[in-house]
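Here is how the chains run, residue by residue.
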Amino acid sequence: MVPGLNEMKNLLYVVVALVAAYWIFGPSGGGGSRVGQRLPSVPLEYLGPNPRILGSPVLLEFWATWCGPCRQSIPHLNQLHETFRNRGLIVLGVTKEPRETVLRFQREIPMNYAVALDPQGTLGQRLGVRSIPAAFLVSRLGEIVWSGHPMELTEARVEEFLAQKVPQ
């Protein structure tokens with residue numbers, strides 16, 4: 001039996017998803033694990049108030065308006081923001097897209113957390129981001145302590161992250 005067009009398209013989607021998963025979660029850790037490294041300092045253009053990143057725990061996520069899995073992650077990130085913002089967690093979504101594209105998107109799908117533009121994609125490049133969505137947990141000292149897919153971030157994992165003692 002020869003597969004039809006729909007079956008071939010579905011197979012192609014599976015192959016693309018597997019390749020993307022390998023890039024993110026494979027042996028190289030999505031371009032080399034950045035856990036233990038400091039978050040690079042890169043100027044960003046915020047769409048709204050500039051959050052106080054220095055000295056705060058941060059959930060940093062790279063995303064795009066055209067990315068289906070990114071769109072699916074937004075309600076989860078909104079929930080994490082709502083649950084942990086009073087404990088100091090800053091959720092920050094970073095995209096390379098133009099301001100007007102992002103503002104139009106946010107009217108359709110609200111993002112209740114901080115959003116910033118990085119038009120050249122410098123921060124993502126310096127962190128080795130090869131595919132999106134990609135997330136990082138950054139300690140109050142600016143050290144990356146976790147990286148992966150944002151949907152892997154359970155409330156328990158974020159709670160554990162926030163409970164870590166920070167040396168003075």
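All values derive from a computational prediction rather than experimental measurement. (Residues numbered from 1 in each chain as written. Predicted model: local features only at pLDDT ≥ 70, side-chain atom pairs only at ≥ 80, totals over all residues. Heavy atoms only, no water.)

*Asks:* Explain the pairing of strand β6 (residues 144–148) to me, using residue names and the numbers behind them.
*Replies:* The pairing of strand β5 (residues 134–138) with β6 spans four bridges and is antiparallel. Bridge pairing in β6 links Val-138 to Ile-144. The hairpin turn running from β5 into β6, its antiparallel successor, is five residues long, and Gly-142 in that turn takes a positive phi close to 85 degrees. (Pairing = 2+ DSSP bridges. Helix = DSSP H or I, 4+ residues; strand = E, 2+ residues; numbered from the N terminus.)

*Asks:* Can you break down the pairing of strand β3 (residues 90–95) residue by residue, with the values?
*Replies:* Taken across its six residues, β3 has six buried, putting it largely inside the fold. The side-chain alternation of β3 yields two buried faces, one formed by Ile-90, Leu-92 and Val-94 and the other by Val-91, Gly-93 and Thr-95. Strand direction decides the pairing type here: strand β2 (residues 58–62) and β3, joined by five bridges, are parallel. Looking at β3, one finds that Leu-59 is bridged to Val-91. In this fold, β2 hands off to helix α2 (residues 68–84), which returns the chain to β3; that crossover is right-handed. Where β3 and strand β4 (residues 114–117) come together, four bridges link them in parallel fashion. In the sheet register, Val-94 faces β4, and the bridge partner there is Ala-116. As for the winding sense of the linkage, the β-α-β connection from β3 through helix α3 (residues 99–108) to β4 is right-handed. (Buried < 20%, exposed > 50% of the residue type's maximum accessible area, 1.4 Å probe, protein only. Right-handed = clockwise from strand over helix to strand, strands pointing away.)

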